[in-house]
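Results of the structural survey
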Amino acid sequence: LCYLDLPTLRMLANLDYFKWKKVYDKSIEILNSGYISDKLPLYRKTYYRNTNTYDENADADTLLSMIVVLNKLQEGQDVSTTVEWIRKEFQQNGKVFATYNIEEGIPSSEFESTSVYAIIVQIASIIGDEEIQKFAMDRMKEFQINNTSSKIYGGFGSEDGTNVFSYDNLNALLAYRYYRVNQQ
């Protein structure tokens, strides 16, 4: 679902209304129907067009869900339930985990993600929630390599440089940009 880029689809609809407006509207419908629940306000990972069904994974992928939330937010959609869930996760656990069990609404792994925090910084910046923005930025910085001897000093990944993802590093840069803009 995270590939349904609503801002881009809206721009396409502005260029060719009759061709893209229907795609835009259907995309919003697919995203909204992929919402898991108010208990776990994240989104299903995959929608199957040929059967009009969603994946039946036991776990929700937080990163993919945060991308959906960011896309919806950029289009003025209501994401307040997810934002409050993020706040609660920070207050209760001090972190947001990479996956959550859909049925129970609890973390299904101990893993965290630089990109999850980076996208939460962007979401919080857009809505002007400095508390969530600071929580997410501080948590993201925990994954930054501060060892000056490391090949990836200043980057995000494993200190020895064997587990580094450009996606995480690029999202971290975006988070810093959003964070700095909001701090001015």
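Criteria and cut-off values
- Residues numbered from 1 in each chain as written.
- Predicted model: local features only at pLDDT ≥ 70, side-chain atom pairs only at ≥ 80, totals over all residues.
- Heavy atoms only, no water.
- Helix = DSSP H or I, 4+ residues; strand = E, 2+ residues; numbered from the N terminus.
- Areas by Shrake-Rupley, 256 points an atom, 1.4 Å probe, with all protein chains shown as cover.
- Buried < 20%, exposed > 50% of the residue type's maximum accessible area, 1.4 Å probe, protein only.
- Salt bridge = Lys/Arg side-chain N within 4 Å of Asp/Glu carboxyl O.
- Core = buried A, V, L, I, M, F, W, Y, C linked by side-chain atoms within 4.5 Å.
- Contact = heavy atoms within 4.5 Å.
- Axes fitted to C-alpha atoms, helices over the stretch in contact; angles between N-to-C directions.
- Parallel < 35°, antiparallel > 145°, perpendicular 65-115°, else oblique.
- Left-handed = near helix turned anticlockwise from the far one by under 90°.
- Nonpolar A, V, L, I, M, F, W, Y, C, P; charged D, E, K, R; others polar.
- Phe/Tyr/Trp six-rings, centres within 6.5 Å; stacked < 30°, edge-to-face > 60°.

On to the overall build of the chain, then. When its secondary structure is counted, the chain shows seven helices and four strands. Sequence-ordered secondary structure for the chain, helices as α and strands as β, is α-α-β-β-β-α-α-β-α-α-α. Along the first, second and third principal axes, the C-alpha set of the chain runs to 55 × 40 × 30 Å. Of the roughly 10300 Å² of accessible surface on the chain, a fraction of 50% belongs to carbon and sulfur atoms.

At Asn 52, a residue that is not glycine, the phi angle is positive and equals roughly 55°. Following the sequence through the fold, Asn 52 ends up in the loop between strand S1 (47-48) and strand S2 (53-54). According to the relative accessible area criterion, Asn 52 is exposed, its value standing at 53%.

Tallied over the full model, the rule gives 10 salt bridges. A salt bridge links Lys 134 to Asp 138; the shortest N-O distance between them is 2.7 Å. With Lys 134 and Asp 138 both in helix H6 (residues 130-141) and four residues apart, this pair spans about one turn of that helix. Each of Glu 84, Arg 87, Asp 129 and Glu 131 takes part in a single network of salt bridges with overlapping partners.

Moving on: the nonpolar core. Counting residues in hydrophobic clusters, the biggest one holds 49 residues, and the most contacted among them are Met 66, Ile 120 and Met 140. Ranked by residue count, the leading element in this core is helix H5 (residues 114-127), at eight residues. Setting aside residues no more than four positions away along its own chain, Met 140 makes contact with Thr 114, Tyr 117, Ala 118, Phe 156, Ala 172, Ala 175 and Tyr 176.

In this section: the packing of helix H1 (residues 6-15) against helix H2 (residues 17-33). The interhelical angle for the contact between H1 and H2, taken along N-to-C directions, is 155°, at an axis separation of 6 Å. Of the possible angle classes, the one that applies to H1 and H2 is roughly antiparallel. With respect to the hand of their crossing, H1 and H2 are arranged in left-handed fashion. Seen from H1, the contacting residues are Leu 6, Leu 9, Arg 10, Leu 12, Ala 13 and Leu 15; seen from H2, they are Tyr 17, Trp 20, Lys 21, Val 23, Tyr 24, Ser 27, Ile 28 and Leu 31. Residue composition of the contact of H1 with H2, grouped by class: 11 nonpolar, one polar and two charged.

For the coordinates displayed, the defined rule picks out eight aromatic pairs. A ring pair is formed by Tyr 47 and Tyr 54, whose centres lie 5.0 Å apart and whose planes are at 55°; its orientation type is tilted. The exposure class of Tyr 47 is buried, given its relative accessible area of 16%. The buried category is assigned to Tyr 54, whose relative accessible area is 18%. Ring geometry for Phe 97 and Tyr 100: centres 6.2 Å apart, planes at 65°, overall edge-to-face. No difference in accessibility class separates Phe 97 from Tyr 100, as the two residues are buried. Among the aromatic residues, those joined into a ring-pair cluster are Phe 90, Tyr 117, Phe 135 and Phe 143.

With their axes 8 Å apart at the nearest point, H5 and H6 run at an angle of 155° to one another. It follows that H5 is roughly antiparallel to H6 by the angle criterion. By crossing handedness, the relation of H5 to H6 is classed as left-handed. Contacts from Thr 114, Tyr 117, Ala 118, Ile 120, Val 121, Ala 124 and Ser 125 of H5 reach H6 at Ile 132, Gln 133, Ala 136, Met 137, Arg 139 and Met 140. Looking at the contact of H5 with H6, its residues break down into nine nonpolar, three polar and one charged.

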